[in-house]
Structure formats: structure tokens, C-alpha cells
Amino acid sequence: MKIKLTSRLRKRYPNISFRAILIKNIKNKKTNPRIEAEKLKLEKAIKKNSDLKTIERLQEQGSFHRSFAKSYPIEFQLKSVLQGKKIPTQSAYVDILFLAELKHYCIISGHDLNAIENDITFDLSDGGENYTKINNQRQSLKKDDIVLRENDQVITTLLYGPDASTKITENTTNCLYLFWFCAAISEKEIQGILKDFKQNLSLLKTKNTVATEPNITLESSPKLVITPWEVKGNIDYNKIVKEFGVSAIDNKLQKRIEKHTGPVHHFLRRNIFFAHRDLPFILDQYEKGNKFFLYTGRSPSNHTHMGHMIPWMFTKWLQDKFGVELWFQFPDEEKFLMKRDLRLDDVEKFTNENMLDVIALGFDPKKTHFLIDTRHANTMYKEAVRVAKLITYSTVRSSFGFTNEQNIGAIFYTAMQAVPAFLPSVLKKKKIPCLIPHAIDQDPHFRVTRDVIQKLGYYKPGSIQCRFLPGLGGMQTDGKMSSSAGDNSTIFTVDNASTVKKKINKHAFSGGQPTIEEHKKLGGDPNIDISYQWLTFFEEDDAKLKDIYESYKSGSMLSGELKAMLIKKLNTFLTSHQEKRQKAKKKIDQFVYQS
Ligand code: TRP
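Residues numbered from 1 in each chain as written. Predicted model: local features only at pLDDT ≥ 70, side-chain atom pairs only at ≥ 80, totals over all residues. Heavy atoms only, no water.

> Even after reading the chapter, I still don't get the pairing of strand E3 (residues 107–112), so can you show me in this structure?
If a strand is regular, its side chains alternate between the two faces of the sheet. Most of E3 sits out of view: 6 of its 6 residues are buried. The two faces of E3 match: Ile107, Ser109 and His111 on one face and Ile108, Gly110 and Asp112 on the other face are all buried. Sheet topology note: the E3/strand E10 (residues 175–181) ladder contains 6 bridges and is antiparallel. Considered in E10, the bridge of Ile108 is made with Phe179. (Buried < 20%, exposed > 50% of the residue type's maximum accessible area, 1.4 Å probe, protein only. Helix = DSSP H or I, 4+ residues; strand = E, 2+ residues; numbered from the N terminus. Pairing = 2+ DSSP bridges.)

> When you look at the nonpolar core in this model, what are you seeing that I'm missing?
Counting 75 residues, the largest nonpolar core has Leu268, Ile310, Phe370, Ile504, Trp534 and Phe538 as the members making the most contacts within it. No other element matches the 9 residues that helix H12 (residues 306–322) contributes to this core. Residues Phe68, Val94, Leu99 and Val154 belong to the second largest nonpolar core, which totals 66 residues. (Core = buried A, V, L, I, M, F, W, Y, C linked by side-chain atoms within 4.5 Å.)

> How should I be thinking about helix H23 (residues 542–554) in this particular structure?
Every α-helical turn comprises 3.6 residues, leaving residues that sit three or four positions apart pointing alike. The end-to-end C-alpha distance of H23 is 18 Å, a good match for the 18 Å that 13 residues give at a rise of 1.5 Å each. The elements touched by buried residues of H23 are helix H21 (516–522), helix H22 (530–538) and helix H24 (559–584). Sitting at the amino-terminal end of H23 is Asp541, which places a side-chain oxygen 3.0 Å from the backbone nitrogen of Ala543. Immediately beyond the C-terminal end of H23, within one or two residues, lies Gly555, with a positive phi of roughly 100 degrees. (Expected span 1.5 Å × (residues − 1). Contact = heavy atoms within 4.5 Å. Polar contact = N/O pair within 3.5 Å; in protein donor to acceptor, adjacent residues only side chain to side chain.)

> Quick question: what am I supposed to make of the site of the ligand here?
The local shell around the ligand holds 15 residues, among which Tyr295, Gln329, Glu334, Gln417 and Gln442 are the closest. Here Gln417 contributes a side-chain N or O atom positioned 2.9 Å from a nitrogen atom of the ligand. The contact in question runs from a nitrogen atom of the ligand to an N or O atom on the side chain of Gln442, over 2.9 Å. Counting only elements with at least two residues in the shell around the ligand, the list comes to strand E16 (293–297), helix H13 (334–338), helix H17 (408–418) and strand E19 (434–439). Take the shell around the ligand: its biggest share by element is 3 residues, from E16. Here the shell around the ligand is built from residues that sort into 5 nonpolar, 7 polar and 3 charged. (Near = heavy atom within 4 Å. Nonpolar A, V, L, I, M, F, W, Y, C, P; charged D, E, K, R; others polar.)

> Whenever I open this one, unusual backbone geometry confuses me. Can you help?
Most peptide bonds take the trans configuration, and most residues that are not glycine carry a negative phi. If you check the backbone angles, Tyr105 has positive phi at about 60 degrees while not being a glycine. Along the chain, Tyr105 turns up in the loop between helix H6 (92–104) and E3. You can call Tyr105 buried: its relative accessible area is 14%. Although it is not a glycine, Asp144 adopts a positive phi angle of roughly 70 degrees. Assignment of secondary structure puts Asp144 in the loop between strand E6 (138–140) and strand E7 (146–150). The class for Asp144 is buried, based on a relative accessible area of 15%.

> Can you walk me through a positive patch on the surface in this structure?
On the surface, Lys27, Lys29, Arg34 and Lys205 cluster together into a patch of positive charge. Among the structural elements, Arg34 can be located in helix H2 (residues 33–49). On the basis of relative accessibility, which here comes to 41%, the residue Arg34 falls in the partly exposed class. (Patch = residues over 30% accessible without salt bridge, like charges linked within 9 Å, V, L, I, M, F, W, Y side chains within 5 Å. Areas by Shrake-Rupley, 256 points an atom, 1.4 Å probe, with all protein chains shown as cover. Salt bridge = Lys/Arg side-chain N within 4 Å of Asp/Glu carboxyl O. Lys, Arg positive; Asp, Glu negative; His and termini not counted. Charge placed at Lys NZ, Arg CZ, Asp CG, Glu CD.)

> Help me understand the sheet that holds E3, please; the structure alone is not making it clear to me.
Strand pairing in a sheet is mediated by backbone hydrogen bonds. Such pairs are either parallel or antiparallel. Across the sheet, 3 strands lie side by side as E2-E10-E3; this open sheet has antiparallel pairing. Whereas interior strands pair on both sides, the edge strands pair on one side only; in this sheet they are strand E2 (17–23) and E3. Within the sheet, the average angular offset between the axes of one strand and its neighbour, ignoring direction, is 20 degrees. Here 7 bridges tie E2 to E10, and the two strands are oriented antiparallel to one another. Each bridged residue has a counterpart across the sheet, and for Arg19 the counterpart in E10 is Phe179. Set on the sheet, helix H7 (residues 187–203) makes contact with E2, E3 and E10; between it and E2 the angle comes to about 20 degrees. (Axes fitted to C-alpha atoms, helices over the stretch in contact; angles between N-to-C directions.)

> What exactly am I supposed to notice about the domain arrangement of the protein chain here?
Think of interface size as the accessible area that goes away when the parts come together; that is how it is often given. Entries for the protein chain in the domain assignment read domain 1 (3–218), domain 2 (225–470) and domain 3 (475–580). Summed over both partners, the interface of domain 2 with domain 3 comes to about 2,500 Å²; 63% of that surface belongs to carbon and sulfur atoms. Scanning the region where domain 2 abuts domain 3 turns up 2 salt bridges. Summed over the shared surface of domain 2 and domain 3, the result is 12 residue pairs in polar contact (both at pLDDT 80 or more). Looking at the side of domain 2 that touches domain 3, the elements that each hand over two or more residues are helix H10 (266–269), H12 and helix H14 (344–360). In terms of residue count, H12 provides more of the side of domain 2 that touches domain 3 than any other element does, 5 residues in total. Partitioning the side of domain 2 that touches domain 3 into residue classes produces 13 nonpolar, 7 polar and 5 charged. (Domains from an automatic or database assignment. Buried area = accessible area lost by both parts, 1.4 Å probe.)

> How should I be thinking about the pattern of salt bridges in this particular structure?
Between side chains of opposite charge, pairing is possible as soon as their charged atoms come close. In total, this model carries 33 salt bridges according to the counting rule given. Notably, a salt bridge pairs Glu539 with Lys544, separated by 4.0 Å at the nearest N-O pair. The class for Glu539 is buried, based on a relative accessible area of 6%. Given a relative accessible area of 43%, Lys544 falls into the partly exposed group. Each of Arg8, Asp123, Asp126, Glu129 and Arg149 takes part in one network of salt bridges that share partners.

Structure below.
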């Protein structure tokens, strides 16, 4: 058995630390005179020493519990000793634990090692998990509690304590003690506590056995979480292909696309669009003369940022090259349902703003139809309920990581997002293939609805997925650019030239060396440099990009020069985009679907 710690836990609670002590081949006794003597000693000491310092320490150690509006259990136990109650007696190996908790104000969980079969991991709770507490009651968890999991099953939580199944009993022969230090504590202090604990263990005079301190190892790769509303962890796109069950786009498929489009878009050449579902089927149909339509969308909640533009730019290219229709959805209820502080009125403003960005990209008004969920409810709702009837709550719950606290609007929403994938078939009363270009975080929606749409008598939609444009803060921290991460990690399409310049110069993570001399000697690292990474999205010229890569890596191009190139590229694009946005204001009516 190994004991692990996830880096998402470490990141969320950097001051909390964990230790383990293991003792094997023991015989647990009901009581032990030596331990009883220690208890008496401690009871006396507590009554004598409950001074200010104690209170301060308790305050500190209890801060985690208080942030969940719970009291710190040790405080409760101390109070009862102060009121003259005895330290409880359960069995020798449990009593040692009580002793140490009261003496050092830390939380210790004791487990029967034989009841643990797999590796165990300290982790954050996602919220909504269930487990059976030591008193045999079921407990559902809050988000961001600290939990110990065996596989996915929770066996202890910091807020609610250990579970029933690993409880130490009189039959326990191998004991695992876990120390949960709930606030910052020095290594020296920890050593003192562990030493004291082992000393007490040795009071039990266990034959042939010594306590050991198993290592707790930090898991290097955080759990990958990708849902339409949350992207965290280091994004490994190969892993996504496996876990999501999408297919990678290989050379052969690129060549097949090229047959129809001529030289492929740089997003395809550079693997920015990296995966698909059923794209060969869509091409089969196209080759037989059965044209597909495109479907993509944008859920308004803020101004459009450059990350949103990536799938739309590609969609525009597909529309031009294949000469096909595009249905563009603005689900103006989605973010309202998902974000606590967003009001419907705010959404309305951004729906209009976002439309301007789509129109400005040059979509053909004759072939492009905007669907706005609240405005087109009369057309969409009937189809959405047909979808919703075929999806269970448990599917939605696991696909989107929802908990029981999720509002019911959010649970229904995926049915609305499914509708445009077959609405054109409904309207034209014939089966038309659908291709959905989208960023990979939207895949859970279509994974859930592809089968449903087929059951309703239409083709399963095909899809083609892109990577995220990283946030300015860097690949590690900002795997996906998000406007909720703050304005400084994002460039909005409405940012003016000087804002763009400032944001890039100040916030774009650099892969350069700290000094010019070192940079010239050692060179920069384009793979982590955000300005370079952005240029892979926005510099279309392969030869030019290669040049930049090489001069930056060799050190002849400095970070400032690289940033200047990106600033120029973005500002050239944005100046013209913003002019087109202005003109788009008059064109909205041409794009909104007229039912
Ligand atoms: N859910 C998407 C968002 O959060 C909006 C959307 C609706 C969408 N339908 C889509 C995106 C189809 C891609 C493809 O912005």
C-alpha cells in the first residue's frame, strides 16, 4: 500500500500537512495501566495549563473547521476534560490516539490496515460524495473538504472523521495512524509529536515490532478535470483523446479533408484541431452529395475573448471551403444557470456583443442562422423535451460532475444544446448530417446526446475538437483562457491597442532567461512561452513561425522582441475586427433565424 497526496490538495491548502505511523503485529487490549496513567497525567496538565497559548494554538488548528462553520473536535474534547470528564477508554491502540490529539491539538485518524487493500490518497472532495461514518450514519460531503480515498471511495474526511469499515477493533493487528495537521506547523514540532507518539506505543510493550513512518508521496499530475464549466489540471491532449474516447486527427484524415478544401487551415496543420468524432462519416456523406451543416455556439456571459474566436475562425473556414450552412447557438440561459451572480439582463447585453464578433468574422448571412435559446424557445423547446426524456439524471450527474446541490435548470440545459444538432433536419423534414466544431470542453454535452439524437431518428452528429488557447499566465496555471480568471489572463476582442500591448508586456508568461546575457547564451523556451504559443494560433505563415521558434530558442531573439511581434499581430487583427464589429451592428437581423 502506498500513501499519496494530490497536488490539487496541496495547492488548495498549502499549510496543511500529513504524516503516517504504521505498527504491525500487535495485539490490541481493552485497557493498559501505563496508558491509563498517562491519561491521568494529561488530564491534570490540561487543567493546569489551559492558558492563552493553548487558546491561540486551538484557534490556529481549528481554522479549517471554522471556515466550514464547524467547531474543531479537539476543542470540544478539551472542554470536557476541563469540566472534569475523563479521557475516554476504548482500547489501548485507540486511547493512544486520543492522548496525542489532546496533548498536541492535532487530529489523528486510526485505521485497521487489514481493511485497506489499495493505495490511499489524500485529496479534495468534489462535493456530493457519500460515505458511512464511524457511527454508521451516511454522510454526504461538501466541496473542498479534505478526504482520504481508497480508489474512489472516501474512508475519512477532515470534517466528518473516519468511516466505519477501517475502524480499529480488538481484533486489529496492524494499525495505521494518520496525522492531519490542520494549520502551518514546523517540522521540528511534527518530529516532537511523532516521537512522543511512538514512545507511547512502546509503552504497550509490543513484541518484535517497531513503528515505522511510511512516506506520503505527492502525486505529480493533478486529477484532470474537464467539463464545460471547469477546466483544471495540466492538460494532456493525448490523455484526453483516450479518456474522452475521441479519435485523433491523423495525416490520412488531413489529406482526405485537403482533397475537398485545398491546403488545410493552419489550425489543422498544427494540430490545434486535434480530435474528432465520426468525421469520416460526415465526409462519406459529403462525397455522396449529402452536404452536412455546421453547428457551433457561444454562451454569452461576458465579452468575447481570443480563445472563443479559435473554433469560430475555423468554422468560417469550413463554411467557405465546403459551402455549407451554419447554425450558431447563443444559449442565453446557460451561464445564467451556471453562475451564481449573473443576471439574465446582463446576459442579454453580451448576447448582442458576442453576435457582433461572430458576424465580423465574415460568415455568409444567407447560409448562417443564429438561434437564441430564450428567443427561439417556441422552435427549440419541443425538440429539447424529446431529448430530455431520453437522458437520466444519473448520466448528467456523472458526465458534468454535478452534485445534488445543482439547480434543476442546469440539469436540463444539455437538452437545449443538443437541439441545433438536428433542428435543421426537423425543419427540412429530412436527415441532414451535422458537424460540430468546438473546444474540447464541450464534448461531454455531445457525448451524452449523440446516441439520443440517433434514437430520435437523426444522424449522430460528427464533431471536431480544438485545444484551448492558453491564458496569458502560462500553460501550467492557465491551461484554458477564461474571463473568470480575471481580465489580465485574457485579451478581449474589444480591447484597444494600448490595452493589448500592456497586457502582453505585463502578463504574458515568458520562456526567456532572467537577464539578456543569459538569454543570449542559453536561449528561450518557446514551448512554455505564451507569446510564442499564441503565435502558433495567430501567425499563419509556417516559415515565419519556424524562424521565430529558432531565433528565440537560440537566444538571438529576446522576449521583448517576441512580445512585440505578438502585439503587432493581435493589434492588426483587432483593428480590422473592431471595424467589422461596428458594421455588424446593422446586420444582426440578417443572421437571427426567422421562424
Ligand atoms: N456551451 C457553449 C459555451 O459555453 C455554447 C454552445 C452551445 C456551443 N452550443 C454549442 C459550443 C455547440 C460549441 C458547439 O459557450
